[in-house]
Amino acid sequence: MANTSVATTMAPNATLDNPNSTAYTLYNYKCSNKGILLPVINEFTWSESTRAALYFIAMLWCFLGVSIIADIFMCAIERITSKTTKVRIPDEGTPEGYRELNVKVWNDTVANLSLLALGTSAPEILLSVIEVVGNNFHAGQLGPSTIVGSASFNLLVISAICISCIPEGEVRKMKDLKVFAVTSFSCVFAYVWLAIVLIVISPNIVELWEAIITLLFFPSLIFIAYLADRNCCRKQEDLDSSGMVGISLEDRKNPEEAMALDSRGSGDASLMNLAKELGHEAREDGIPEDQAAKLAAAKIAENQSHDRLWYRINATRGISGGKRLVPHVLTSFQGIYNNIRLPEEERKSLNKIDHSEGGSKAVVEFTSATVSVLESEKRVRVGIRRYGNTDKPLSVRVETINGTAVTPEDYIPFNDEVKFAAKDTLEQIFIEIVDDNEWEPDEFFFVKLIRFGEDVQDATLGNISICQVTIINDDEPGKLEFAKPTIIATDCNRRVRIPVQRVNGADGHVSVKWQTKDITAISGKDFQGGSGELLFDHGETNRTIDVPILDSMKPERDESFQVELTVCDGGAVLGKISKCIITIVSDEEFNGLVSRIFNLTKANLDYLQLEESTWVGQFRQAMNVNGGEIEEASFVDYILHFLTFFWKVLFALVPPPKYLNGWPAFLISLAVIGFMTAIIGDLAGIFGCLIDLPDSITAITFVALGTSVPDTFASKHAATNEKTADSSVGNINGSNSVNVFLGIGLPWTIASIYWLVKTGEDFQVPAGSLAFTVIIYTIAAILAILFLIIRRNLSIFGNAELGGPTIPKYVSSFFFVTLWVLYILLSSLQATGKISFNL
């Protein structure tokens, strides 16, 4: 019988002559001892390529899992930092002599640099801590290198994306420059301090005092940023005028309303105005009420100012097929949504395109898109105007095109050049109309601007390049009829105007008698009915019948009456539409529509809250694509939901953030993030080992990018939706600083205490690749921050950190991406020994 047991398999580089070569056994094979928790099963018989592929896929899948649990973690943080407390402020205008206000416990700057920074950087920080503890308190490369690599990607690549994604002609500037200055300085200082510790003060050793100081920089940064946010350098009289620290003079006048302005004050008024606007759309264009409410909710949710946490959560749900924080707008209503998103001034000029390109080109067009003329007038005048650049003479060819009117029976064709002299803005042409004695229906033809003269440059045609000319045949008296068969009138109008038109002829004086007829509306009670006669002069084609609408005490109105044309005189006859029904509706009906849209919108906004309030709600949201908005889900949403379904259902077990003010959800999700981070650390380490990639390179590429993907989407959305750059690139530096002070300071302090207590020695941290990447990143960070300052102060970049003229903003993005590529390239070359680094 063949011996099936496997005792030993020699390593690829092992030889019989080299007893020190490593031998792979059934329980000790390549990369089997690389992880802390992995591998969980024996992979000895698996090929290295299969293992590498599986570990890479598992790493990506776990990145999705970490993003989802981080979503819950940040919802808990939002609940914690939104806590309010009541304070009393003296107010002589109240009977009690004071006013009670709900004031946020957490300062926004403190929240951004503490819990919110922890929320966005928890995986990187915990990876560094777990790596040290899991390696028996020996220093590793994966955690610290991930922190540096993530900082590099955040500052350079995300900033590049934010600069370029701003819409054409728009800019975004920093608002809180003091806080930005503090965080920018700390961002650079943090990595300079790392380099000093690793290669200057105590090379390759981290003493306990160095670790403690590194960790203490974290609360110091928060305190200094808080002082900058509170304008600590203001004069004392300025502070006294504010009444109390943390509440401005404006807040003191009516602070409760000021703090709740967006949600309960002018926010409701703006929502009502938006509901009225969409009410008109719903009535005129047939938009369903629920869709109108979603349009309103989408606009409000998108246009509100949000912090980085909100954008991070929304980005995470976008890449996992979860419940969006902005409602999805159906494609069929996208045009209406794009229109209501614009400011009112822009909305009015939505279709007004500047063909002149700022006045550099001459634009030529007709003065009107339609012209009417009586056949007996023998000719029609068509105006042509020019605007934009009018300094040079130009010529444009004009040509007629047959419609129902044809040449030469109805008009004389025109095909000639119209010349504009310098500074000329208006010209006109005359087209002859053929007047015959035969009756014909009204006919039309077209006049078109064809092309400019061969010597004309920098000129273009405007919106109205075709004009329709209608020939009204006046050889017959014509037909008299209503312009439309139904009209809706509101009871707020004192009268309803009913148009009557004269078609197929305009010859002579004609008249038509009319009378009203009750249907559900009663004459003398709901409207002032009766009868009358309309007179049309020779050539006159339009008149109106005015019927007064009477006030009614009814809460709701939906009543109709009829106006009928009866007898014509002067040779005219009745047309097809001889009866018109007028429906009187009360304002309450429209207000009811608006009220329903308003309430549905508020319900949608409540649905868009960050977290669910019950476990049942969490599971329902986890098990349904888009959190239950299935009809709005795309194919990609279903794919992402399928990939993340396991994580969503598993993490729905975490207590909802509403319990105990979010602290149970905070602690449990933080523990889960720690466990998931340990898994990702093992996956990344083993994957790098299998493809012979040093941990430092794996960290600054695969791991850093995986942890930064949600931040990328969050910053891009914040850059395009917010009015300032603070929520997009402004918070990057603060997050990068926190990563170092907490993500490296904490594990260093733990390890330093461990080794000092156990052996009395200091914590060994080989500088190597870490020091080199820190130096390269520090140089890149300084250049990037200086470049942002230059952008803010030079008009060529639009005097702003983000956006601006097209070419300069793309050049800026290219510069930032180039810095990141150089950082990756130089760090990889040093880690693989292609270049040396000695200090």
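Residue indices follow the written sequence of each chain, beginning from 1 at its first position. Totals for whole chains, interfaces and linings use every residue, but because this is a predicted model, local features are given only for residues with pLDDT of at least 70 and side-chain atom pairs only at 80 or more, for both listing and counting. Computation of side-chain values: all heavy atoms of the structure, hydrogens and water removed.

An unreviewed UniProt entry annotates the protein as Sodium/calcium exchanger 3 of Mizuhopecten yessoensis. Per its UniProt entry, the protein bears the Subcellular location (unreviewed entry) comment "Cell membrane". UniProt positions are given in the numbering used here, feature names are shortened, and annotations may be inferred rather than shown by experiment.

**What about the state of the cysteines?**
Disulfides are defined in this document as cysteine sulfur pairs within 2.5 Å. Inspection of every chain in the model, using the stated rule, returns one disulfide. Here C31 is linked by a disulfide to C689, with a sulfur-sulfur distance of 1.9 Å. Given an S-S torsion of about -85°, the disulfide between C31 and C689 has left-handed geometry. Of this pair, C31 sits in the loop between β2 (23-25) and α1 (48-81) while C689 sits in helix α19 (residues 663-690), placing them 658 residues apart in sequence. Exposure categories follow from relative accessible area, calculated using a 1.4 Å probe and restricted to protein chains: below 20% of the type maximum is buried, above 50% is exposed, and the middle band is partly exposed. A residue is classified by how much of its surface remains accessible, and C31, at 5% relative accessible area, is buried. The exposure class of C689 is partly exposed, given its relative accessible area of 21%. In DSSP terms, a helix is any run of H or I states spanning at least four residues, a strand is any run of E spanning at least two, and both are numbered starting from the N terminus.

**Observations concerning the pattern of salt bridges**
Within this document, salt bridges are pairs made up of a side-chain nitrogen of Lys or Arg and a carboxyl oxygen of Asp or Glu, the two lying within 4 Å of each other. According to the stated counting rule, one finds 10 salt bridges in the structure shown. For D546, the salt bridge identified is with R497, shortest N-O distance 3.2 Å. Residue D546 is located in strand β21 (residues 542-548), and its partner R497 is located in strand β18 (residues 495-503); the two are separated by 49 residues in the primary sequence. Judged by relative accessible area, which is 33%, D546 ranks as partly exposed. Each of K30, E48 and D692 takes part in salt bridges that share partners, so that together they form one network.

**What about the sheet that holds strand β24 (residues 579-585)?**
Strands were regarded as paired on the criterion that DSSP finds at least two bridges between them. The five strands are arranged β17-β24-β22-β19-β20 in an open sheet whose pairing can be described as mixed. Every other strand in the sheet has two partners, leaving β17 (486-490) and β20 (531-536) as the edge strands with one partner each. Adjacent strand axes in the sheet meet at a mean angle of 25°, parallel and antiparallel pairs treated alike. The pairing of strand β19 (residues 510-518) with strand β22 (residues 558-569) spans seven bridges and is antiparallel. Each residue of the ladder has a partner; that of S511, found in β22, is D569. Axis geometry follows a simple rule: fit a line to the C-alpha atoms, using only the stretch in contact for helices, then measure angles between N-to-C directions, giving values from 0 to 180 degrees.

**What to know about the packing of helix α4 (residues 142-165) against helix α22 (residues 732-743)**
Axis separation between α4 and α22 bottoms out at 10 Å; the angle between their running directions is 175°. With respect to α22, the axis of α4 lies roughly antiparallel. Of the residues in α22, those touching α4 at I147, A151, N154, L155, I158 and S159 are I732, N733, N736, N739, V740 and G743. For the contact of α4 with α22, the residue count by class is six nonpolar, six polar and no charged. Just so you know how the angles are binned, under 35 degrees is roughly parallel, over 145 roughly antiparallel, 65 to 115 roughly perpendicular, and the rest oblique. By definition in these notes, contact holds between two residues if any of their heavy atoms fall within 4.5 Å. Note that Gly is not counted as nonpolar here; it falls among the polar residues with everything else outside the nonpolar set of Ala, Val, Leu, Ile, Met, Phe, Trp, Tyr, Cys and Pro and the charged set of Asp, Glu, Lys and Arg.

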